[in-house]
Structures are given as structure tokens and as C-alpha cells.
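This is what each chain is made of:
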Amino acid sequence: MDTTGIVFRIQKFALHDGPGIRTTIFLKGCPLRCVWCHNPEGQEPGEQVMQPLSGSSAGPQRVGRRFRVEALLNQIEKDRLFYDESGGGVTFSGGEPLRQDVFLDAMLRTCRRRELHTVVDTSGHAPLSVMEKVAPLADLFLYDLKLMDDEAHRRFTGVSNRAVLENLLLLNRLGRPFRIRIPMVPGITDGESNLRRIADFLEPLDAQHGVDLLPYHRIGEGKYRRLRMQLPVEMPANRQGIDMEAAAAMFASRGFRVHIGG
Ligand code: SF4
């Protein structure tokens, strides 16, 4: 039987999901429930319907479409010229792409055969055996680190950070390339002590890897309503006030190649 996966968005000409011009494939399903999540349609693994907001003339919208490997590859291949010119390729994001590990594995193998550069954009929350399988197949990992305190990680994402940290150590041991991404969520992840603990954890790892600080924007509220999902009560306000420059300076002073934005 053909391997299939469920995709909820295909973003062409993406510029912030890895090097060059890329096509980003958003795979459905995520075991986390981050209170700041702006892709709630990526959380549930199955197909869903987004209802129109009251007063809108738009109809219901299906979220999630099942693809065979070949069919998705055909979509990706359409922009090969741009990848070749820019040093780009394809990024698998989500949701959590490792949640559909059989499909991801098949896609990565096929991309490699066709000499397409691949990035996996992950929360890192997956069984060690899944990471072990996927690690050699992707050319680069964009790896989220959110909270070093396990209690806080459980409270704000719904899961422990143990697998996240273990999988990152595994990637490092295997010598696989990764960039760390920190969502700078006001009052949750942006605290000085959390950022210092992240730097402490990363310091002994391979220093060539960079750190991206991702600004927070409170977006996606309408999607929660359209999916009949409850808005997380702890979703932070869209306030300014995070000193991104100071955070970047701290990482730079510890020897990381740091970048603000994706
Ligand atoms: S890991 Fe990403 S997709 Fe999953 S809940 Fe958190 S923000 Fe949303």
C-alpha cells in the first residue's frame, strides 16, 4: 500500500524556514498544546472542518488533505528551479512533522534520491527511536527549545521537555546539523533565567549551530473559534517589551551565532 500523509498547508516561496527559497509542507498532528500556538489547525491529526465566523459569507473550509508521496513530490518539484538558484529546497513543518514519521521518512528518502535539500522543523517531542530513524535523512533540523524548567514546560505546552532535550543530544551525538529556535513568548519563555539555562544546555554542544530568536505575535484567534476550539486561557497578550537585542547579545556573548527572526 502507498504511504500517505495528511497535509494542512503548502507554503510556496517560504524564506524563513531554512536556507534559500523553499516549499514548506505543514503536516497535521501535534502532541503538544502550547498556549501560544497560532496553528491550532495543525494540532489534531485527522482532517477537520473550519466553520465560517458569524457574519462571514465564506463557506466551511476543509483542513487537511491526504497525499501520496509521489503526488506531494510533484507539487514540490514544480519550484525546483527556484531551489536550485537559491540554495533552497523543502521544509517539513507542522503541527509536529515527526508525528507522521512513516510518511516523513518516505518523503525524506525520496527527496534525497531526487537531490532536494530537506529541512525538518520540529518541537523535538518524539520517541527516541523516531528521531534516530529520521536524523540521517534530513539535511538540517530547525529545533525548537521553549522552556528548560520541566514543570513550566508541562504547564505551557502540555508535555515534559525530557524527550525534547534527549533528542537534541542524540542529534548532536550523531553529528547532524541543527539550528535552535526559541519562540520568545512574553512572560513565558523570554525570562532571563530560562534563556540562560538554554545557553547553558547548548554550550557543550557543537558550537557551529546557530540560534534564532522568534518574535511572538498573538495571531490565530479566529482559527480557534472556527475550529470550535477553546482559546488557551494563558495565551499571552501581544505586548511589546521583550528586549530581543539584550537576549541576542547574551547568546552572542556565549559564542552562538544568533539571529532575530526565523
Ligand atoms: S509545537 Fe507548534 S504546532 Fe504544536 S502546539 Fe506547539 S506551537 Fe502549536
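Quick summary incoming for the structure in this document. Bear in mind the structure is a predicted one, so any value in this text is a computation, not a measurement.

### Observations regarding the site of the ligand
With respect to spatial proximity, the complete set of residues near the ligand consists of Cys30, Leu32, Arg33, Cys34, Cys37, Gln43 and Gly95. Among the cavities detected, the one that contains the ligand is the largest pocket. Partitioning the shell around the ligand into residue classes produces four nonpolar, two polar and one charged.

### Some words on the nonpolar core
Here is a general trend for soluble globular proteins: nonpolar side chains tend to be buried in one another's company. Leu202 and Phe251 are the most contacted members of the largest nonpolar core, which totals 54 residues. Per element, the largest residue contribution to this core is six residues, and it comes from helix 3 (residues 101-113). Discounting chain neighbours no more than four positions away, the residues touching leucine 202 are Leu145, Leu168, Ile180, Val211 and Phe256. One finds Leu32, Phe156, Tyr216 and Met235 within the second-largest nonpolar core, a separate group that totals 15 residues.

### Quick notes on the sheet that holds strand 1 (residues 4-14)
Read from one edge of the open sheet, nine strands run 5-1-2-6-7-8-9-10-11, paired in mixed fashion. A strand with exactly one partner marks an edge of an open sheet, and here the two such strands are strand 5 (65-68) and strand 11 (257-260). Each strand axis lies, on average, 30° off the axis of its neighbour in the sheet, ignoring direction. Bridge analysis of strand 2 (residues 22-27) against strand 6 (residues 89-94) gives six bridges, and the strand direction is parallel. Bridge assignment links leucine 27 to a residue of strand 6, and that residue is glycine 94. Helix-sheet contacts for helix 3 involve strand 1, strand 2, strand 5, strand 6 and strand 7 (118-122), and the interaxial angle to strand 6 is about 170°. The strands that helix 6 (residues 162-173) touches are strand 8 (140-144) and strand 9 (178-184); relative to strand 8, the one it contacts most, it runs at about 155°.

### Some remarks on empty space enclosed by the protein
Following the criterion strictly, the structure yields one cavity of 30 Å³ or more and no others. If you add up the space inside the largest cavity, you get close to 40 Å³. As for the largest cavity, its lining consists of Phe178, Ile180, Leu202, Leu205, Asp206, His209, Gly210, Val211 and Phe256. A per-class count over the lining of the largest cavity returns six nonpolar, two polar and one charged.

### Looking at the pairing of strand 1
One ladder, built from four bridges, connects strand 1 with strand 5; its direction is antiparallel. Counterpart to threonine 4 in the pairing with strand 5 is arginine 68. Sheet topology note: the strand 1/strand 2 ladder contains five bridges and is antiparallel. Looking at the pairing, arginine 9 lines up with phenylalanine 26 of strand 2.

### A closer look at helix 6
For helix 6, which comprises twelve residues, the first-to-last C-alpha distance of 17 Å matches the rise-based estimate of 16 Å (1.5 Å per residue) to within 8%. Considered for burial, the residues of helix 6 that qualify are Val164, Leu165, Asn167, Leu168, Leu170 and Leu171. Trailing helix 6 by a residue or two, glycine 175 shows a phi angle of about 70°, which is positive.

### Some thoughts on the side chain of threonine 122
By secondary structure assignment, the location of threonine 122 is in strand 7. Given a relative accessible area of 2%, threonine 122 falls into the buried group. A polar contact is formed between the side chain of threonine 122 and the backbone nitrogen of glycine 124, at a distance of 2.8 Å. Sequence-distant contacts of threonine 122, defined by excluding residues within four places in its chain, comprise Glu96, Pro97, Leu98, Phe141, Leu142, Tyr143 and Asp144.

Cut-offs applied
- Residues numbered from 1 in each chain as written.
- Predicted model: local features only at pLDDT ≥ 70, side-chain atom pairs only at ≥ 80, totals over all residues.
- Heavy atoms only, no water.
- Near = heavy atom within 4 Å.
- 1 Å grid on protein atoms, 1.4 Å probe; cavity = no way out; pocket = protein on both sides within 12 Å on 5 of 7 lines; lining within 4 Å.
- Sits in = over half its atoms within 2 Å of the grid points.
- Nonpolar A, V, L, I, M, F, W, Y, C, P; charged D, E, K, R; others polar.
- Core = buried A, V, L, I, M, F, W, Y, C linked by side-chain atoms within 4.5 Å.
- Buried < 20%, exposed > 50% of the residue type's maximum accessible area, 1.4 Å probe, protein only.
- Helix = DSSP H or I, 4+ residues; strand = E, 2+ residues; numbered from the N terminus.
- Contact = heavy atoms within 4.5 Å.
- Pairing = 2+ DSSP bridges.
- Axes fitted to C-alpha atoms, helices over the stretch in contact; angles between N-to-C directions.
- Points joined across faces, edges and corners; volume = space filled by probe spheres on them.
- Expected span 1.5 Å × (residues − 1).
- Polar contact = N/O pair within 3.5 Å; in protein donor to acceptor, adjacent residues only side chain to side chain.

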